[in-house]
Structures are given as structure tokens and as C-alpha cells.
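Listed here are the chains, written in short residue letters.
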Amino acid sequence: MLNLVLFGPPGAGKGTQAEFLVKAYNLTHLSTGDLLRTEIAAGSKLGLEAQRFMEKGELVPDEVVIGMIKGKLESNTGSKGFIFDGFPRTVDQAKALDSLLNENGTPISGMLSLEVEKQELVNRLLSRGKISGRADDQDPSVIENRIKTYNEKTSPLIDYYKKQGKHFGINGMGSIEDIAGRLRKVVAEL
Ligand code: B4P
């Protein structure tokens, strides 16, 4: 079973590259950002709570996202493997994911960490904001806060997975196809 963590700062290309990996390896795509936006669109209690954090560029509380992922793992037991996109985002989320997967004897195979310069991240998010209408992609101060939150709370996960020998840094600058090729090369070795 292939279980991949697709990692990187906001705008690194996680959602974009997940699509290629899903097709190439027949994996189940779990994006906590997408799951949360679905809850917001449905007007659920969880969605309303999450929205308060997302519109400021803050992380949604760990127990909310961990509960969502646990539910998805339980409802996809026949899967060939998972791509975790935008999850984990804190060390506590990573520990919870390890324990959920270890219960089934299907640990993380590798963490693919997309590396992109800060100005490029801002440019990509602002240009998506113009097309998608996503509020958190339109306000430069919210984008700034998302990057700051990433640096403070999420980037320590690089060391977390390095200690497990599962971290793979990938240059996330350049064309979408070139980056997809770099990712496939790494996954082929796992
Ligand atoms: P996400 O939906 O995960 O959004 P994101 O990290 O900001 O970026 P995304 O992954 O969608 O963008 P991508 O790099 O694919 O999270 C949104 C919010 O939800 C978070 O801020 C947080 O509040 C909350 N949340 C989600 N998960 C959480 C968790 N685990 N814990 C707590 N809170 C959580 O792409 C960006 C753009 O770049 C796209 O338009 C794409 O077309 C473009 N692009 C990609 N690759 C490119 C390339 N090579 N060249 C040019 N453009 C490119």
C-alpha cells in the first residue's frame, strides 16, 4: 500500500500535483482544505467553525481535521493507498496520522515536500484568487499569515519525517509537468 504525504507551503502546488499522482498510482486523494470547503459550502456546524479560522489564514483546530481524516480512512478501507494533501499541518496531526495508520499496519511510505520561493507562492495564490474567488487567496495580509503559520507550525514536520527517514525534498519551481516528473521519479523508488 502506498501512502504519501504531499507537503509544502500554501501555493506550493499540492492540490495541482495530487491530481497527477492520483491518476498515476490509483490512490485516494484526501485534501483537508477541500473537505473543509465542502463543509463550508454545506453550511454545516463544522464548516461554520472552520470558516472563522480559514478566513484569517489560521489553522483549523487539530481535533476537527483529525476527526475528518479518521472518518475518511474508515470509509475507504478498500483503497490502494492515500495521498494526504495539506494534512498533517502540525506535529500533533502527524502523530495522530501515524497512530491511525499503524493500527492498520499501513504506515506512511514517504513525505514529498515541494520547495518553492516565497514570492512565487504569493504570485500563484493571488492569481488563483482572481479565478476561483477563494477569499483566502485574494487578501495579501491573509496570504502573509498563511505563510507565517506554515513557517511556525507546519515546517517542523520536515524534521519529524526526516527522523523517520521519510522526507523527500522536491524542487517545486518550474512547469507543472516538470514538477510532476520529479515527483514520479521519487515515488518510483519508494
Ligand atoms: P488548502 O486548501 O490546503 O490550501 P493551500 O495550502 O493554501 O494551497 P493549495 O494546496 O490548495 O494550493 P496549491 O499549492 O495546489 O488549505 C486552505 C486552508 O484550510 C488553510 O489555510 C487552513 O486554514 C485550512 N486547513 C487545511 N488543512 C488543514 C489542516 N490539516 N489543519 C488545519 N487547517 C487546515 O496551488 C496553488 C495555485 O498555484 C493553484 O492555482 C495552481 O494552479 C498554481 N500552481 C501550482 N503549481 C504551479 C506551477 N508549477 N507553476 C505555476 N502555478 C502553479
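The structure we're discussing is the one just above.
Conventions we followed
- Residues numbered from 1 in each chain as written.
- Predicted model: local features only at pLDDT ≥ 70, side-chain atom pairs only at ≥ 80, totals over all residues.
- Heavy atoms only, no water.
- Near = heavy atom within 4 Å.
- Polar contact = N/O pair within 3.5 Å; in protein donor to acceptor, adjacent residues only side chain to side chain.
- Areas by Shrake-Rupley, 256 points an atom, 1.4 Å probe, with all protein chains shown as cover.
- 1 Å grid on protein atoms, 1.4 Å probe; cavity = no way out; pocket = protein on both sides within 12 Å on 5 of 7 lines; lining within 4 Å.
- Sits in = over half its atoms within 2 Å of the grid points.
- Helix = DSSP H or I, 4+ residues; strand = E, 2+ residues; numbered from the N terminus.
- Nonpolar A, V, L, I, M, F, W, Y, C, P; charged D, E, K, R; others polar.
- Salt bridge = Lys/Arg side-chain N within 4 Å of Asp/Glu carboxyl O.
- Buried < 20%, exposed > 50% of the residue type's maximum accessible area, 1.4 Å probe, protein only.

Trainee: Could you give me a rundown of the site of the ligand, with the residues and numbers involved?
Mentor: Lining the immediate environment of the ligand, one finds 27 residues, of which G13, G15, T32, E58 and R146 sit closest. A distance of 3.5 Å separates an oxygen atom of the ligand from a polar atom in the backbone of G11. Contacts to the ligand include Q93, whose side-chain N or O atom sits 3.0 Å from a nitrogen atom. For the ligand, whose unbound accessible area comes to 990 Å², protein coverage reaches 88%. According to the grid-proximity analysis, the pocket containing the ligand is the largest pocket. Within the residue set of the shell around the ligand, elements represented by two or more residues are α1 (14–25), α2 (32–42), α6 (118–132) and α9 (176–188). Element by element, the count of residues in the shell around the ligand is highest for α2, at 4 residues. Split into classes, the residues belonging to the shell around the ligand amount to 10 nonpolar, 9 polar and 8 charged.

Trainee: Got a sec to walk through the pattern of salt bridges? Specific residues and values, please.
Mentor: Opposite charge on two side chains lets them pair, provided their charged atoms get close. A full pass over the atoms with the stated rule returns 10 salt bridges. Across the pair D137 and R134 runs a salt bridge, and its minimum N-O distance is 3.6 Å. For R134, a relative accessible area of 18% corresponds to the buried category. Here the salt bridges share partners, and the residues they tie into one network are R128, R134, D136, D137 and R146.

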